[in-house]
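Observations on the model geometry
One letter stands for each residue in the lines below.
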Amino acid sequence: MKFLMRKCPKCGRYTFKEVCPICGARTVSAHPPRFSPTDKYVRYRVVLRELSRNTYSTTKVRS
Ligand SMILES: [Zn+2]
């Protein structure tokens, strides 16, 4: 059985319906994916920035 809780972004009410029974707003999944594509990109860019910074400075290896 799939258990999918949804949450209203407006009033913060948890429901199973796609539309909030209180305010009628569209609900969103209360279980967002742990790793979103944008998250991956941000992490990748941070790593790239660190790498480019290291090439300009001396070769320091952080553990
Ligand atoms: Zn609502």
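Throughout what follows, the structure given in this document is the object of discussion. (Residues numbered from 1 in each chain as written. Predicted model: local features only at pLDDT ≥ 70, side-chain atom pairs only at ≥ 80, totals over all residues.)

1. Some points on the overall build of the protein
Short version of the rule: Secondary structure elements follow DSSP: runs of H or I no shorter than four residues count as helices, runs of E no shorter than two count as strands, and numbering proceeds from the N terminus. Our exposure labels follow a C-beta count within 10 Å of each residue's own C-beta, placed from the backbone: buried means 20 or more other C-beta atoms, exposed means 12 or fewer, and partly exposed covers the counts in between. Note that contacts rest on C-beta atoms placed from the backbone: two residues are in contact if these are within 7 Å.
Helix and strand content of the protein: one helix and three strands. Mapped in sequence order, the helices and strands of the protein form the string β-β-β-α. The burial tally for the protein puts 5% of its 63 residues in the buried class. Here the analysis covers contacts within the protein between residues at least 6 apart in sequence; of these, 9% occur between residues at least 24 apart.

2. A few points about the sheet that holds strand 3 (residues 28-29)
The condition is simple: The pairing criterion for strands is at least two bridges between them, as found by DSSP.
Pairing is antiparallel across the open sheet formed by three strands, whose spatial order is 2-1-3. At either end of the open sheet lies a strand with only one pairing partner, and these are strand 2 (14-15) and strand 3. Bridge count between strand 1 (residues 6-7) and strand 2: two bridges; the pairing is antiparallel. Note that in strand 2 the partner of Lys7 across the bridge is Tyr14.

3. Describing the environment of Leu4
If you trace the backbone, Leu4 turns up in the segment before strand 1. The spacing of Leu4 and His31 is 27 residues in sequence and 7.6 Å in space, taken between C-alpha atoms.

4. Notes on the environment of Pro9
Turning to its location among the elements, Pro9 is positioned in the loop between strand 1 and strand 2. Ignoring any residue separated from it by four or fewer positions in sequence, one finds Pro9 in contact with Ala25 and Val28.

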